[in-house]
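# Summary of structural features
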Amino acid sequence: RRGMLLVDIVGAEVSAHFDCPDKKWKPNLPEGNGGSSILAWMVGGGDVLQKVRTICFATQEILQSQPVVTEVAAPAKVFGDIHGQLRDL
């Protein structure tokens, strides 16, 4: 929910042609359940480090449950950047 709210805030800034260097960017976040950083606001304040660890472990479990290679029927078209991994084709 907060992620979508942040997307809306950034979208409003883009629509208003607002721009600044990243290190000076201070979005106008709603008050409450946060802290002094965007990360603290995104996770609702509290023990931010523990919440980030929980997110990382949950992400790791999800990624480890996914296959590394996706099998597709030939012929197939590959879209995107293969990052030089030509042997993988």
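As shown above, the structure is provided for reference.
Residues numbered from 1 in each chain as written. Predicted model: local features only at pLDDT ≥ 70, side-chain atom pairs only at ≥ 80, totals over all residues. Heavy atoms only, no water.

### Observations concerning the overall build of the chain
Here is the rule: Only runs of H or I of at least four residues qualify as helices and only runs of E of at least two qualify as strands under DSSP, and these elements are numbered from the N terminus. Burial here depends on accessible area, computed with a 1.4 Å probe over protein chains only, as a share of the maximum for the residue type. Under 20% is buried, over 50% is exposed, and the range in between is partly exposed. Pairs of residues are marked as contacts when any of their non-hydrogen atoms sit within 4.5 Å. A 1.4 Å probe and the Shrake-Rupley method give the accessible areas. Residues count as covered only by the protein chains that appear here.
Per the secondary structure count, the chain includes three helices and zero strands. Order of helices (α) and strands (β) in the chain, N terminus to C terminus: α-α-α. Classification of the 89 residues of the chain by burial places 10% in the buried group. For the chain, restricting intrachain contacts to residue pairs at least 6 apart in sequence, the fraction spanning at least 24 positions comes to 24%. For the chain, the computed accessible surface area is about 8100 Å², with 58% contributed by carbon and sulfur atoms.

### Some words on unusual backbone geometry
In this chain, alanine 74 is followed by proline 75 through a cis amide linkage whose omega measures 0 degrees. Position of proline 75 among the secondary structure elements: in the segment after α3 (48–65). Of note in the backbone geometry, histidine 17 takes a positive phi value of approximately 60 degrees without being a glycine. With respect to the helices and strands, the residue histidine 17 is situated in the loop between α1 (2–15) and α2 (38–42). Owing to a relative accessible area of 73%, histidine 17 belongs among the exposed residues under this scheme.

### So, α1
Selection criterion: By this rule, a helix spans an expected 1.5 Å times one less than how many residues it contains. An arc is given here, and it is the one of the directions from the helix axis to the C-beta atoms.
Here α1 spans 20 Å end to end across 14 residues, near enough to the 20 Å set by a 1.5 Å rise per residue. All of the buried residues in α1 are Leu6, Ile9 and Glu13. Angular distribution of buried residues about the axis of α1 spans 55 degrees; they occupy a single face of the element. Summarising the geometry of α1, the exposed residues directed more than 90 degrees from the buried face are Met4, Asp8, Val14 and Ser15.

### Thoughts on the side chain of glutamate 13
Rules: Note on charges: Lys and Arg go in the positive column, Asp and Glu in the negative column, and His and the chain ends are not counted at all. One speaks of a salt bridge when a side-chain nitrogen belonging to Lys or Arg is within 4 Å of a carboxyl oxygen belonging to Asp or Glu. Throughout this description, a polar contact denotes any pair of N or O atoms lying within 3.5 Å of each other; where both atoms belong to protein, one of them has to be capable of donating a hydrogen while the other can accept it, and for residues adjacent in sequence the pair is counted only when both atoms sit in side chains.
Residue placement: glutamate 13 occurs in helix α1. With no salt bridge to any partner, buried glutamate 13 finds its closest opposite charge in lysine 26, at an N-O distance of 12 Å. Within polar-contact distance, the side chain of glutamate 13 engages the side chain of tryptophan 25 at 2.8 Å. Beyond its immediate sequence surroundings of up to four residues, glutamate 13 is in contact with Phe18, Trp25 and Pro27.

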